[in-house]
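Spelled out from the first residue to the last, the chains are:
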Amino acid sequence: MADEALSAGAVARRLGVAVTTLRTWHQRYGLGPSQHVPGHHRRYTAADLARLETMRKLTAEGVTPAEAARWARQAPTPGPAGEVPPGAPAEVRPGGVRDGGGQAIPVGRAGPAARGLARAAMRLDSVAIGEAIARSLAADGVVTTWDELLRPVLVGIGERHAATAGLIEVEHLVSRCVSEAFATVPRAGTATGPARILLSCADEEQHTLPLEALAAALAEAGMAYRMLGARVPAAALVEAVNRTGPAAVVVWSHTRATADPAQLTVLLASPRRPLLVLAAGPGWWADSLPAGVVRPVDLAEAVSLALAVRDSLSRPTGD
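Here the structure is a predicted model, which is why all the values come from computation and not from measurement. Every chain begins its residue count from 1, and numbering advances along the sequence as written. Two thresholds apply to this predicted model, a pLDDT of at least 70 for residue-level local features and 80 or more for giving and counting side-chain atom pairs, whereas whole-chain, interface and lining totals are computed over all residues. Note that the side-chain values use all heavy atoms of the structure and ignore hydrogens as well as water.

Engineer: Please clarify how the overall build of the protein chain should be interpreted in this entry.
Structural biologist: In DSSP terms, a helix is any run of H or I states spanning at least four residues, a strand is any run of E spanning at least two, and both are numbered starting from the N terminus. Along the backbone of the protein chain there are 11 helices and 5 strands. Residue contacts follow a heavy-atom distance rule, with two residues in contact if any of their heavy atoms lie within 4.5 Å. Sequence separation of 24 or more characterises 66% of the internal contacts of the protein chain that already satisfy a separation of 6 or more.

Structural data, given as structure tokens:
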């Protein structure tokens, strides 16, 4: 596609993200279309697409959006789509984060709070871990706490485990502390409003923390939800949808092994098909999703889409 210029919709389809995500990356991080023909919408060039693919790949690997965008913008000659350009700092290359020496948890270029949390995790200091998370939630909210504090540490623990087969006790303790912290986020909307959204892991998927983060973020925004949790078979999910009639359903998959698109196809064919089906998590591949399923690129977008559905249902009809 050396000479091909693409619309925002075409780029979104190629990357497997929503057009609103492209708009956010443009407005917040300057990763917008560079080709401009007077009287026409701007178009994305091959170089633009390669930078955006770098952005998508790095964020999927756990790099914060701001840091991923910094590298995507500064890369002098972006490589082929899907490839992190040569020379990327070790902190932002997938699988190439500096180890910090010994058994330190790698957190890339995350800030001091994440480094402090990583040290507390290595000490198995549950009190310090809980206090760090609580401070961040109070000061910055759920989405920022997840993106800038928790995810770098959790990704680092996963990298260290993959390299050494260790830190299982650290991962279990940190996960428990994160779950407890999210449970303390005020559930402003669940006591009074109807549960508009249903949260579920895919069949055989056991990683629930990202789904718990979404639940806490929705609660913080005053939106009611139902959480089914881990390892929900497709038939059970459809039964829950038919019994509760949610406006939106989120199905989380952490790995390709649990991301069977057939689960989504069955859901879309249910008698009480929801208005919005979100396939969340790195397990899902955009080119395998059934038509009508949206793949949010991050926690913030998942929250935004869910709230948009709620708001659309609350508008008066007949205007």
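Engineer: What exactly am I supposed to notice about the nonpolar core here?
Structural biologist: Considering soluble globular proteins, one finds that nonpolar side chains tend to be buried as a cluster. Residue types Ala, Val, Leu, Ile, Met, Phe, Trp, Tyr and Cys, when buried and joined through side-chain atoms within 4.5 Å, form a set referred to as a nonpolar core. Per-residue accessibility, obtained with a 1.4 Å probe over protein chains only, is compared with the maximum for each type, and a residue is labelled buried under 20%, exposed over 50%, and partly exposed between these values. Residues Leu150, Phe182, Ile197, Leu199 and Leu218 are the most contacted members of the largest nonpolar core, which totals 56 residues. Only helix 5 (112-122), helix 6 (126-164), helix 7 (168-183), strand 1 (197-201), helix 8 (209-220), strand 3 (248-252), strand 4 (276-280) and helix 11 (299-314) provide two or more residues apiece to this core. Formed by 20 residues, the second largest nonpolar core is a distinct cluster that contains Ala12, Met55, Leu58 and Ala68.

Engineer: Looking at this structure, I do not really get the pairing of strand 1. What am I missing?
Structural biologist: Looking down a regular strand, the side chains alternate between one sheet face and the other. Most of strand 1 sits inside the fold, with 5 of its 5 residues counted as buried. Side-chain alternation along strand 1 places Ile197, Leu199 and Cys201 on one buried face and Leu198 and Ser200 on a second face that is also buried. One ladder, built from 4 bridges, connects strand 1 with strand 2 (residues 225-229); its direction is parallel. Across the sheet, the residue bridging to Leu199 is Met227, located in strand 2. A crossover counts as right-handed when, viewed with the strands pointing away from the observer, the path leading from the first strand over the helix to the second turns clockwise. What joins strand 1 to strand 2 is helix 8, and the crossover it makes is right-handed. Two strands pair when backbone bridges link them, and strand 1 and strand 3 are joined in this way by 5 bridges, in the parallel orientation. Each residue of the ladder has a partner; that of Leu198, found in strand 3, is Val249. In this scheme, strands are said to pair when DSSP sees at least two bridges between them.

Engineer: Whenever I open this one, the pattern of salt bridges confuses me. Can you help?
Structural biologist: Opposite charge on two side chains allows them to pair when their charged atoms are near. Any carboxyl oxygen of Asp or Glu that lies within 4 Å of a side-chain nitrogen of Lys or Arg is treated as forming a salt bridge with it. This structure, assessed with the given rule, holds 7 salt bridges. For the salt bridge of Asp48 with Arg51, the shortest nitrogen-to-oxygen distance reads 3.9 Å. With Asp48 and Arg51 both in helix 3 (residues 46-60) and 3 residues apart, the pair spans about one turn of that helix. You can call Asp48 buried: its relative accessible area is 6%. Residue Arg51 is classed as partly exposed on the basis of its relative accessible area of 22%. Here Glu53 and Arg56 are joined by a salt bridge, their closest N and O atoms 2.5 Å apart. Placement of the pair is Glu53 and Arg56 together in helix 3, with a separation of 3 residues, close to one helical turn. Each member of the pair Glu53 and Arg56 is classed as buried.

Engineer: What should I look at first to understand unusual backbone geometry in this one?
Structural biologist: Among all residues except glycine, the phi angle is most often negative; among peptide bonds, the trans geometry is most common. You will see that Leu167, though not glycine, has its phi angle at about 65°, which is positive. Tracing the chain through its elements places Leu167 in the loop between helix 6 and helix 7. The class of Leu167 is buried, set by a relative accessible area of 7%. At Arg231, a residue that is not glycine, the phi angle is positive and equals roughly 50°. Along the chain, Arg231 falls in the loop between strand 2 and helix 9 (234-244).

Engineer: Which parts of the structure should I look at to understand the packing of helix 6 against helix 8?
Structural biologist: For any two helices packed against each other, one specifies the inter-axial angle together with the distance between the axes. Note on definitions: angles span 0 to 180 degrees between N-to-C directions of axes, and those axes are lines fitted to C-alpha atoms, for helices only across the stretch in contact. Packing of helix 6 against helix 8 leaves a shortest axis separation of 9 Å and a crossing angle of 160°. The angle between helix 6 and helix 8 falls in the class roughly antiparallel. Remark: the crossing between helix 6 and helix 8 carries right-handed chirality. Contact with helix 6, carried on its side by Gly141, Val142, Val143, Trp146 and Leu154, involves Leu209, Pro210, Ala213, Ala216, Ala217 and Glu220 of helix 8 and no other residues of that element. Its residues placed into classes, the contact of helix 6 with helix 8 shows 9 nonpolar, 1 polar and 1 charged. With respect to orientation, any angle under 35 degrees is reported as roughly parallel, any angle over 145 as roughly antiparallel, any angle of 65 to 115 as roughly perpendicular, and every other angle as oblique. In this scheme the crossing of two helices becomes right-handed for a clockwise turn of the near helix relative to the far one and left-handed for an anticlockwise turn of less than a right angle. Residue classes follow a fixed rule: Ala, Val, Leu, Ile, Met, Phe, Trp, Tyr, Cys and Pro count as nonpolar, while Asp, Glu, Lys and Arg count as charged, and any other residue, Gly among them, counts as polar.

Engineer: Would you mind showing me how to read the packing of aromatic side chains here?
Structural biologist: Between two aromatic rings, the relevant description is the distance of the centres plus the angle of the planes. Whether two aromatic rings pair depends on their centres lying within 6.5 Å, for rings of Phe, Tyr and Trp, where Trp uses its six-membered ring; planes under 30 degrees apart make the pair stacked, over 60 edge-to-face, and the rest tilted. In total, this model carries 1 aromatic pair according to the counting rule given. Consider the rings of Trp146 and Phe182, whose centres lie 6.3 Å apart with planes at 45°: the pair is tilted. With Trp146 in helix 6 and Phe182 in helix 7, this residue pair connects regions lying 36 residues apart in the sequence. Overall, Trp146 belongs to the buried group, its relative accessible area being 8%. Taking the relative accessible area as the measure of exposure, Phe182 reaches 2% and is therefore buried. Lysine NZ or arginine CZ positioned within 6 Å of the ring centre and within 35 degrees of the ring normal marks a charge as sitting over the ring. The ring centre of Trp285 lies 3.9 Å from the NZ or CZ of Arg256, which sits over that ring.

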